[in-house]
Amino acid sequence: MYQEKPKSYGIIAVIYYCIYFLGLLLAGVLFSKNITYGLHIIYCSLFVAGILIALIKDKNIYNLGHNKEKWKNNFIVSIIIIVGTFIVILIFSNLPFEKLLRQMIYYLFYIATIEEILFRGFIQNYLFGFKLNKYLIFIIGALFFSFMHIPFQMFAHNNISWRYLIDALPNLIETFIAHFIFCFIAYKRKDLLIPIALHYAYDFLGVII
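Quick caveat: nothing in here was measured; it's all calculated off a predicted structure.

(A) A look at the side chain of threonine 85. You can see threonine 85 is positioned in helix H3 (residues 71-92). A relative accessible area of 8% places threonine 85 in the buried class. When near neighbours in sequence (up to four residues on either side) are disregarded, threonine 85 contacts Tyr200, Ala201, Phe204 and Leu205.

(B) Spotlight on helix H2 (residues 37-58). When the terminal C-alpha atoms of H2 are compared, their 32 Å separation across 22 residues agrees well with the 32 Å that a helix rising 1.5 Å per residue should span. Buried residues of H2: Gly38, Leu39, Ile42, Tyr43, Leu46, Phe47, Gly50, Ile51, Ala54 and Asp58, and no others. Just beyond H2, the residue with positive phi is lysine 59, at close to 70°.

(C) Structural detail: the environment of isoleucine 177. By the secondary structure assignment, isoleucine 177 is in helix H7 (residues 162-189). The partly exposed category is assigned to isoleucine 177, whose relative accessible area is 45%. Linking isoleucine 177 and phenylalanine 75, residues 102 residues apart in sequence, is a C-alpha distance of 24 Å.

(D) How the structure looks around the environment of aspartate 203. Its location among the elements puts aspartate 203 in helix H8 (residues 193-208). Assessed through its relative accessible area of 18%, aspartate 203 is described here as buried. Placed 31 residues apart in sequence, aspartate 203 and leucine 172 show a C-alpha to C-alpha distance of 14 Å. Sequence-distant contacts of aspartate 203, that is, excluding residues within four places in its chain, are made with Tyr107 and Ile111.

(E) Region of the structure containing the packing of aromatic side chains. Throughout the structure, instances matching the rule amount to 23 aromatic pairs. Ring geometry for tyrosine 43 against tyrosine 110: centres 4.9 Å apart, planes inclined by 55°, an arrangement best described as tilted. Taken together, the residues span a long stretch of sequence, with tyrosine 43 in helix H2 and tyrosine 110 in helix H4 (residues 97-126) at a distance of 67 residues. Tyrosine 43 sits in the buried class, given a relative accessible area of 6%. An angle of 80° between the planes, with centres 6.3 Å apart, marks the rings of tyrosine 135 and phenylalanine 138 as edge-to-face. Taken together, the residues tyrosine 135 and phenylalanine 138, both in helix H5 (residues 134-148) and 3 residues apart, mark about one turn of the helix. Residue class for phenylalanine 138 comes out buried when judged on its relative accessible area of 0%. Through a chain of ring-to-ring contacts, the aromatic side chains of Tyr9, Tyr16, Tyr17, Tyr20, Phe21, Phe119, Phe122, Tyr126, Phe144 and Phe145 assemble into a single cluster. The lysine or arginine in question, lysine 190, covers the ring of tyrosine 187, its NZ or CZ lying 5.8 Å from the ring centre.

(F) Looking closely at the nonpolar core. Counting 53 residues, the largest nonpolar core has Tyr20, Phe119, Ile123, Tyr200 and Phe204 as the members making the most contacts within it. For this core, the elements supplying multiple residues, two or more each, are helix H1 (7-32), H2, H3, H4, H5, H7 and H8. The dominant element in this core, judged by the number of residues it contributes, is H4, at 14 residues. Leaving out residues up to four positions away in the same chain, tyrosine 200 has contacts with Ile81, Ile82, Thr85, Phe86, Met104, Tyr107, Leu108 and Ala112. Counting 5 residues, the second-largest nonpolar core is a separate cluster that includes Ile150, Tyr164, Ala168 and Leu172.

(G) Seen up close, unusual backbone geometry. For lysine 131, which is not glycine, the phi torsion reads 55° and is therefore positive. Within the element layout of this structure, lysine 131 appears in the loop between H4 and H5. Taking the relative accessible area as the measure of exposure, lysine 131 reaches 46% and is therefore partly exposed. In this model, asparagine 158 sits at a positive phi of 50°, which is unusual for a non-glycine residue. Inspection of the secondary structure assignment puts asparagine 158 in the loop between helix H6 (150-156) and H7.

The rules behind each value
- Residues numbered from 1 in each chain as written.
- Predicted model: local features only at pLDDT ≥ 70, side-chain atom pairs only at ≥ 80, totals over all residues.
- Heavy atoms only, no water.
- Helix = DSSP H or I, 4+ residues; strand = E, 2+ residues; numbered from the N terminus.
- Buried < 20%, exposed > 50% of the residue type's maximum accessible area, 1.4 Å probe, protein only.
- Contact = heavy atoms within 4.5 Å.
- Expected span 1.5 Å × (residues − 1).
- Phe/Tyr/Trp six-rings, centres within 6.5 Å; stacked < 30°, edge-to-face > 60°.
- Lys NZ or Arg CZ within 6 Å of the ring centre and 35° of its normal.
- Core = buried A, V, L, I, M, F, W, Y, C linked by side-chain atoms within 4.5 Å.

Below, the structure is given as structure tokens:
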């Protein structure tokens, strides 16, 4: 992960991101018309497309964020984060256990795992085809990840204007920093297990508590 690649990888990352951004924009339009399932269809389709691109380009999906050498240690740390987060939420939340468990599965697999694979494993990884300083590439990836939240959220908050960007700026900055941290951990651990667990904890704690 996060090693210099041919320029074609960087081009693929940018093209895919543009399609992803437009896909979420379309999902927002559908959501505003009460076609809520449109988001899930588009979201899952974009994920499958990213996996297929990696399979075609790299002939495997291991390069999207899996390291056999450090797998056990990363897995143990991830489990501690996941279980620890759930216990904290269980203590401080008034929601039933069954509902919290469903929310845990949703944020862990549907949100954190998919977004980490697509952004830290696929897009961020492929951006190294531009042969820039790694921190600059991390910044570009962080900007991509932050702006990705704009198109759908504008429709979800019924605020389709430049004003939304101003209102959402603190959250966009927070998301930018989170991406940079997750990237640095993925770079050091050469694996996405810990970033996935942290992403899940960040989102789950932020929504439930």
